[in-house]
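Next come the chains, spelled out residue by residue.
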Amino acid sequence: MLRRLGTAAAAVVLVALFYLSLAPPRPLPPLGPLLDPYHGALGVARSAELPRASAATIPRLSHPVDIRYDDRGVPHIFAQSEADAVRALGYVVARDRLFQLELMARSGAGTLTELVGAAALPLDREIRELGLPDAARRRLAQLADSQRVLLDAYADGVNAWIDGLGADRPLEYLLLGRRPARWSPLHSLNLLGRMGWTLALSDLEDLHERAAARLGQALADALYPVNSPLQEPVEPNGQSAARLDHPALPPPPATAALTHAPGPGDIDPGFDALGSNNWAVAPRRSATGHALLAGDQHLELNLPAIWYEAHLVVADSLDVYGVTIPGAAGIVIGFNRDIAWTFTNTEADVLDRYAEVVDEPDHPTQYRVDGAWRPLRLEIERYLDPHGRTIAVDTMRYTHRGPMTRDGAGWRSLRWTVLEAGGELDAFSHAARSHSAAAFLEAMAGYRAPAQNMLVADRAGTIAIRSTGRFPIRPAGRGDVVQRGDTSGSDWDGDWSLSEVPQSVDPVQGFLASANQQPIDPRMNDRYLGANWLAPWRAVRINELLRGDSAVTPDAMRRYQTDPVSAAAERFVPALLAAGHRYAADDTVRRATALLGEWDLRYTLDNTRAVLYENTMRQLGRLLWDELDSLPQPSGSLLAALLQDSTGAWWDDHRTPEVEDRDRLLARALAAGLTETIRTRGEPDAGGWRWEKIRHANIYHLLRIPALSALDLPIQAGQSTLNPSSGRGTFGPSWRMVVELGPEVHGWGVYPGGQSGNPASSRYLSGLEPWRLGLLDTLRFPATADGLGALEGSRLTLTPAGARR
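Residues numbered from 1 in each chain as written. Predicted model: local features only at pLDDT ≥ 70, side-chain atom pairs only at ≥ 80, totals over all residues. Heavy atoms only, no water.

On to the overall build of the protein chain. Per the secondary structure count, the protein chain includes 23 helices and 30 strands. Taking 28 Å as the expected radius of gyration for a compact globule of 805 residues, we find that the protein chain reaches 27 Å, a close match to that expectation. Oriented by its inertia axes, the alpha-carbon framework of the protein chain measures out at about 85 × 70 × 60 Å. Buried residues in the protein chain amount to 60% of all 805 residues. In the protein chain, the proportion of contacts linking residues at least 24 apart, taken out of those at least 6 apart, comes to 71%. In the protein chain, the 81 positive side-chain charges and the 96 negative ones have mean positions that sit 5 Å from each other. (Helix = DSSP H or I, 4+ residues; strand = E, 2+ residues; numbered from the N terminus. Rg over C-alpha atoms; globule rule 2.2 N^0.38 Å. Buried < 20%, exposed > 50% of the residue type's maximum accessible area, 1.4 Å probe, protein only. Contact = heavy atoms within 4.5 Å. Lys, Arg positive; Asp, Glu negative; His and termini not counted. Charge placed at Lys NZ, Arg CZ, Asp CG, Glu CD.)

Next up on the list: the packing of aromatic side chains. Any aromatic ring pair is given by two values, namely how distant the centres are and how the planes are angled relative to each other. In total, this model carries 17 aromatic pairs according to the counting rule given. With a centroid separation of 6.3 Å and 50 degrees between ring planes, the pair formed by Trp735 and Tyr751 is classed as tilted. Of this pair, Trp735 sits in strand S27 (residues 731–741) while Tyr751 is found in the loop between strand S28 (745–750) and helix H23 (768–773), placing the two residues 16 residues apart along the sequence. Members of the aromatic cluster, connected to one another through ring pairs, are Trp599, Tyr603, Tyr613 and Trp691. (Phe/Tyr/Trp six-rings, centres within 6.5 Å; stacked < 30°, edge-to-face > 60°.)

Right, let's talk about the pairing of strand S6 (residues 277–281) for a bit. A large share of S6 lies buried, amounting to five of its five residues. Of the two faces of S6, the one holding Asn277, Trp279 and Val281 and the one holding Asn278 and Ala280 are both buried throughout. In this structure, S6 lies alongside strand S7 (residues 291–300), joined through five bridges in antiparallel fashion. For Val281, the partnering residue across the bridge sits in S7 and is Leu292. (Pairing = 2+ DSSP bridges.)

Once that is clear, we can look at the pairing of strand S30 (residues 792–800). Successive side chains on a regular strand alternate, one facing one side of the sheet and the next facing the other. Of the pairings in the sheet, the one linking strand S1 (residues 53–58) to S30 comprises six bridges and is parallel in character. From the neighbouring strand, Ala56 faces S30, where its bridge partner is Leu798. In this sheet, S30 lies alongside strand S2 (residues 65–70) in antiparallel orientation, the contact comprising six bridges. When the bridges of S30 are listed, Val65 appears paired with Leu798.

Bringing the layout of surface pockets into the picture now. Each pocket or cavity is described by its volume, and for the second largest pocket that value is around 660 Å³. Ser47, Arg95, Trp161, Leu165 and Asn758 are, among the 37 residues lining the second largest pocket, the residues nearest its centre. Among the elements of the structure, helix H4 (41–46), S1, helix H5 (82–109), helix H9 (145–165) and helix H10 (171–176) are those that each provide at least two residues to the lining of the second largest pocket. Of the residues contributing to the lining of the second largest pocket, the split by class is 18 nonpolar, eleven polar and eight charged. (1 Å grid on protein atoms, 1.4 Å probe; cavity = no way out; pocket = protein on both sides within 12 Å on 5 of 7 lines; lining within 4 Å. Points joined across faces, edges and corners; volume = space filled by probe spheres on them. Nonpolar A, V, L, I, M, F, W, Y, C, P; charged D, E, K, R; others polar.)

Reading across from one edge, S1-S30-S2-S3-S9-S10-S11-S12-S20-S21-S23 is the order of the eleven strands in this open sheet, with mixed pairing throughout. Every interior strand has two partners, whereas the edge strands, S1 and strand S23 (503–505), have only one. Mean inter-strand twist for the sheet, computed between neighbouring axes without regard to direction, equals 20 degrees. In this fold helix H14 (residues 424–432) packs onto strand S10 (318–324) and strand S12 (339–345), with an angle of close to 145 degrees to the strand it touches most, S12. (Axes fitted to C-alpha atoms, helices over the stretch in contact; angles between N-to-C directions.)

Summed over the entire model, instances satisfying the criterion amount to six cavities of 30 Å³ or more. A volume near 90 Å³ is recorded for the largest cavity. Forming the boundary of the largest cavity are Glu232, Pro233, Val234, Pro236, Asn237, Gly238, Gln239, Gln509, Leu512, Ala513, Asn543 and Arg547. Taken together, the elements giving at least two residues each to the lining of the largest cavity come down to strand S24 (511–514) and helix H16 (537–547). Residue composition of the lining of the largest cavity, grouped by class: five nonpolar, five polar and two charged.

For the rest of this paragraph, the subject is the side chain of Asp296. Considering the arrangement of structural elements, one finds Asp296 in strand S7. One buried charged residue, Asp296, forms no salt bridge at all, with the nearest opposite charge on Arg736 at 4.8 Å. Separated by 2.4 Å, the side chains of Asp296 and His298 make a polar contact. With residues near it in sequence (within four places) discarded, Asp296 still touches Ser276, Asn277, Trp279, Gln561, Leu722, Pro733, Trp735 and Arg736. (Salt bridge = Lys/Arg side-chain N within 4 Å of Asp/Glu carboxyl O. Polar contact = N/O pair within 3.5 Å; in protein donor to acceptor, adjacent residues only side chain to side chain.)

This brings us to the pattern of salt bridges. Counted under the stated rule, the structure contains 67 salt bridges. With a shortest N-O distance of 2.9 Å, Glu792 and Arg68 are connected by a salt bridge. Placement of the pair is Glu792 in strand S30 and Arg68 in strand S2, with a sequence separation of 724 residues. Judged on exposure class, the residue Glu792 and its partner Arg68 are both buried. Among the salt bridges present, the one from Arg138 reaches Asp134, with a minimum N-O distance of 2.9 Å. With Arg138 and Asp134 both in helix H8 (residues 132–142), this residue pair falls four residues apart, about one helical turn. Residue classification places Asp134 among the buried positions, given a relative accessible area of 5%.

Right, let's talk about the sheet that holds S27 for a bit. Strands in a sheet are paired, the pairing made by backbone hydrogen bonds, and the direction either parallel or antiparallel. Pairing is antiparallel in the open sheet, where six strands are placed in the order S24-S6-S7-S27-S28-S29. What marks the edges here is a single partner per strand, and that holds for S24 and strand S29 (777–778). Inspection of the sheet shows S7 paired to S27 by ten bridges, in the antiparallel sense. If you follow His298 over to S27, its bridge partner there is Pro733. Contacting S6 and S24, H16 crosses the sheet at an angle of about 165 degrees to S24.

Inspection of the secondary structure puts Val418 in the loop between strand S19 (410–416) and H14. Of the residues examined, Val418 reaches a relative accessible area of 10% and is grouped as buried. With 30 residues separating them along the chain, Val418 and Arg448 place their C-alpha atoms 8.0 Å apart. Excluding residues within four positions of it along the chain, Val418 makes contact with Leu132, Gly193, Gly196, Ala200 and Ala449.

In structure tokens, the structure reads:
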């Protein structure tokens, strides 16, 4: 049997047997179902590849739908209505990603315990305490008819696939001993909440409160400032280079405490491991004379990937290609025949916490506002195991602001734009049918959360960007501190108007870029939008590249996405080398300086000096911020500003009798960095310093099964580069795309994985190697169902239930 089915089937069966051999915390299914030749693990392998032609029926489908899969396994869906196209999308996504669909929906619903047991209880509790499932239920009841029609249609498609499975199940269900749950529109809303949790959940209040308690209010404000000292904003400010401001930094506290030594997974000063990039180039700066757009979303890397490629066509109304998130009823990022668009996260502060006054400290039923008691809304939350048994019960409490939870001896509520989201579903639907950048921005005007820097370009040559979402106005002026809950004067006082948010259309410079940096220069608008911003190293680098190239090509856009140069290293290495030469009398400092001086500041696979730089910066953080105890290290922007003050009090390491200045501390960091690198990696030329042996991507299967994961992948990436990577390598570019908007639109893209979630499928890892190498696949964009020609790989015909086939 194994020989007939091939190595893929054998791998699946062996993985299943290995999984069963572990000592799990829960009972596992018997071997019989797993080894069933038709419906067990072998059945999974038998159904791994798409048949040359197939057909199915879907209830409530109004007309037949023709689906053609191309040579990359991307479905091109040709339908006669948008609802039917979405029904088909639900079907094909379920066909390829059923377990992922359920896992993501449950993670946003707080019901993972029903799938995997009590081990998921802490995560489920966090999700429910944030109010996400409650918000999804309320949102479902308020959905506009246009939105509900599409979510119902998507559910029809998913459930039609589930109904056709019979006794078959994806491998993950076999390993867990579970059966797929039916899909409902609520699941899609839970998915949207889950994405809000990923993109818009912040802990600014907690950070500031801890810092103020440890260091005092003034120092907390200075170390974790409202505005970034390094400015390269999303909305162009007329600069020809990044601007470094020099904020006044109060002296450190008189009594210092030893800080913890950063471990290999710590975020080091000057480095931002997470984030996304996008940029667009106007026709006059393009070698082709056409607008160009690029985007890559940096998220957690999983197998299967968070994205799924698809092409939806409805005659005379819709023709859109791009990626969707399994569970979303449409294309999220992509292009049509006239425009292309992509997003990055704004990193804005859209969540506030309030210290509430309650009637009973242990079991409150009321909270006080403006001297009057208001009733709390109480909701009972039950957590079930896979057998439907209750394993925990919580009482959730809600104020008019949002969910309220215990915080030490007190209670805090939160208000969060994600819990009050608006017309996102309609916005994506209308955006996909837009034919100009202006129409796209208008379509997205009702989008609220999670806030995104929306970049768009069109065939007429317009490029535009806008930080789109709901940005609350705080009476207190800032949102990174805990607000008083006993007064309505703390409540939000409206939102930024659409004309006020950071934005730009066809700027004089001829290009636009965003990379999670502070969106608007505070000199242009100082209203509070967020705090403790990521250091804008990626934004600095992409702007450097775009300013220096007046004839950008699509392939240059692709190369930029894995550009190995670190803008942080460009700023810090010269300072380190200067300090090293000053203190070259120390043999270790002299050797470290010589070795670091050999680095070209590029994180290429074969370089042998980036590891010394990273260890030196890690040691610098340990030495410099010794006064901060367990607090996070300030951003690299602040460190860059601090470099301008060579004798400031912060350079002194209070743990030594010597009074260090900037260069002395930098030299000590060099020596410590070299010592650490030799200790962990051996001598410089022994081979252990090669970057390909150090920086890896680790892309885990959703159940973290190593045999179904892609681990230890050498990549051209580094902290603070346009391809950021650090720590365990589990975050990175989840979808890379480049689009040229000429007379015919051309697109290229890739993500780390493949269309199929079946580990036995040839489409499980098909995009992984191009992604690792920084290559992009050509995206097929046929105008008709027969347009793929020889590149067609499979056909699927969907017909209304009851219709003849």
